[in-house]
Amino acid sequence: MLPTAALTAGRFASSLSQFLGKGSGEVIGGRLALRIDPQLLARVGRTRRSVLVTGTNGKSTVTALVAAALRARGRVVTNATGANMPDGIVTVMASDRTSELAAIEVDEVYLRPVVDALEPQVIIALNAFREYTRGVSLAATLEHWRDVADHLPSDSVVLANADDPLTMWAFEGAPRVVAVEGALGWHGDAALCPACGREHQWSADGWSCPGCGRRRPDPAWRIETQLADGTWLIEHPLGSEAVRVAVPGRTAPIGAAFALAAGVEMGIDVRATAEAISRVVDVDGRYFPFPVRGRSARLLMLKNPAGWTEAIDVAVTSGSPFVIAVDPFGPKDTTTMWEAPFRRLSGRSLPVTGGRAADALAVLEASQVDGAEFPDASDAIAAATAGEGSTGEVIVACNYPAFRRLSKQFRASMQ
Amino acid sequence: MTELAIATMFPLATVAAGDEANATALARRAQLRGIQARLSTVNTPGAEVAADIYLLGGDGLSGVSDLVARLRGTDLKERVLSGRAVVFAVDAGMAALCRSWRDVSGERSHGLGLIDADVHTGHGDLETVATIPETGLGLPAMVGWRSDALFISRRPGVRPLCAVRGVKTGSPWALDGVVADRVIATQLHGPVLALNPELADLVLRRAIDAQMSDAAPAPHTEEARARRIAEVAATKRSPPWIEHLGLPRRRRKG
Ligand SMILES: [Zn+2]
């Protein structure tokens, strides 16, 4: 028996919020439905076999790749729009009652209620960085994950980032943990061992703790190399697999490794999983290169210093032209930019655009990097210049509202 | 002074608020005067850190007890009291330096006691704030954000750093922070020393004995700050002092 009245009420609010232009509508609809019946998520979701994806950075990308992997087996319900709190997940689940598989992105501080409701087969834990907008401490998130690990279904598996000591520690209590090479571009937040408080040591072999002896486990899924044609070779216990992912930087092979591992844990043939992943071209408009003034522009959404650091790294290593797009969304809207290493882009002149362009120029000034403001984003993209060895694709580094605005604008101009 | 040692103290103990950019901002202002700076981040308790400037940050009261415990394991207090170091503290860091602080449950704990004031839980409104110029300290109108998750009661004789006005609450103005000889504290968050170089210079002057030359202008930083202050000034209930900011007045429609 499905709770029809609650869902209908939720769906009405959902379309209302879409009409009012308040985001995707899923959050408002789901929140109302949950208020009516707190057991709703379990009732609309538990019959499916599900993979949950959590962590601070990269959830949407990995969720899209996992959804693609699962499609090799059957129909998949997924929250591709990023509504990743329990109420948003209710709405997504309620909108698709027939798919037997689920690939669900879960906000890292809401993992416990979602795990309890869905009893997932696989949990992917990507990373744990400090959070800048909600005032939730990293310690509180890690404690929450420890609690989740103690309450996972006994037949579930956690695919955890071998390179993040905080994530590995948080899921120590899980029934089964498989380590995946997930990288950690920003060590600042993982400086201290969460188990004993000593300072981690970092070497070519990864992290280790001189206090309690914890160290980076050998990952079962490893990123081997990038082949000449752009595909990545992922090594795993059964052999190795070539995967092509249309995502820039290290995000591509990392996401592919997690998605491959999830597919195999869900009982799908590894080769079929790799082929399904390689067919993904877009992740929520996140990496789709939009044609703008004869150039190809990729939008990246960045919300913490780790994200900005990775975007700058992609620009430096690929030589890609780099544009900054930042819009206002409250007092902290550009706070996270100040800790990122923009000085690595010195020698370039970076176009900046958006309602907080002045802040971006101030950040660049402090890093002794030249910048110029363009009121129109297309002008900024047209003005971006490439570094050495560039393929010419422009990276547009956005904060959240600028990402929303520009993806909508560029998508509309394509139609 | 050949090299200025700047230490960011225990940033992982508290909730992240973007205060860590303050270290690089200070170093840059020092370098503009030909003073090289050495930056370090201290995470492990018990270490002796011979810094000239200590930086403390964090948002609200979360993690303050941990921060205090870790600071007690260093010689920060002795170095500040004996005139060998200066400390600049933001919000949670300021609470850690006060005589005492009281959390949501009402339990009172002792801080380091470098600031003669007590802290208790505030209303937690998050907003961008602009400050009134403080000519005695050489500070212009500055900008930052406050979460007001803590409230400070200064004891007699303790001097506030400045007065602020916010966007959201429209509160007429409130006193902010503390300024003493070798202790400067504020509830202004974000890259506050980067966006307000005059405040960075105030911290530097307290740490460097020699006369400081004027720094090179930073036009983009000035512009970013001016735009944010204009947003605060454009809110409906501007108090009389807003005219002192020297900003263009918002035109009335109709
Ligand atoms: Zn340890």
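Predicted, not measured: the structure shown is a model, and the values here were computed from it.

Colleague: Report on the pairing of strand 8 (residues 127-131) of chain B, specifying residues and quantitative values.
Modeller: Residues and elements named next belong to chain B. Within strand 8, five of the five residues are buried, which leaves the element mostly enclosed by the surrounding structure. On strand 8, burial covers both faces: E127, V129 and T131 on one face and T128 and A130 on the other are all buried. The sheet contact formed by strand 8 and strand 9 (residues 143-146) spans four bridges and is antiparallel. Each residue of the ladder has a partner; that of T128, found in strand 9, is W145. The sheet contact formed by strand 8 and strand 11 (residues 162-166) spans three bridges and is antiparallel. Looking across to strand 11, one finds that T131 is bridged to V164.

Colleague: Tell me about the interface of chain A and chain B, and please be specific about residues and values.
Modeller: How large an interface is tends to be reported as the accessible area lost when its parts come together. Of the residues lining the interface, 27 residues belong to chain A; the matching set on chain B comes to 33 residues. Interface area, chain A with chain B, both sides summed: about 2600 Å², of which 54% is carbon and sulfur. One can count four salt bridges joining chain A with chain B. One can count 10 residue pairs in polar contact (both at pLDDT 80 or more) joining chain A with chain B. Looking at the side of chain A that touches chain B, its residues break down into nine nonpolar, seven polar and 11 charged.

Colleague: I'd like a description of the domain arrangement of chain A, backed by residues and values.
Modeller: Residue and element names in this part refer to chain A. Domain boundaries in chain A define domain 1 (2-16 + 26-277) and domain 2 (290-414). In this structure, domain 1 and domain 2 have C-alpha centres spaced 27 Å apart. Counting from both sides, the interface comprises 14 residues of domain 1 and, opposite them, 13 residues of domain 2. On the surface where domain 1 and domain 2 come into contact, there are zero salt bridges. Taken together, domain 1 and domain 2 are joined by two residue pairs in polar contact (both at pLDDT 80 or more). Of the residues contributing to the side of domain 1 that touches domain 2, the split by class is six nonpolar, six polar and two charged.

The rules we used
- Residues numbered from 1 in each chain as written.
- Chains lettered and ligands numbered in written order.
- Predicted model: local features only at pLDDT ≥ 70, side-chain atom pairs only at ≥ 80, totals over all residues.
- Heavy atoms only, no water.
- Buried < 20%, exposed > 50% of the residue type's maximum accessible area, 1.4 Å probe, protein only.
- Helix = DSSP H or I, 4+ residues; strand = E, 2+ residues; numbered from the N terminus.
- Pairing = 2+ DSSP bridges.
- Contact = heavy atoms within 4.5 Å.
- Buried area = accessible area lost by both parts, 1.4 Å probe.
- Salt bridge = Lys/Arg side-chain N within 4 Å of Asp/Glu carboxyl O.
- Polar contact = N/O pair within 3.5 Å; in protein donor to acceptor, adjacent residues only side chain to side chain.
- Nonpolar A, V, L, I, M, F, W, Y, C, P; charged D, E, K, R; others polar.
- Domains from an automatic or database assignment.

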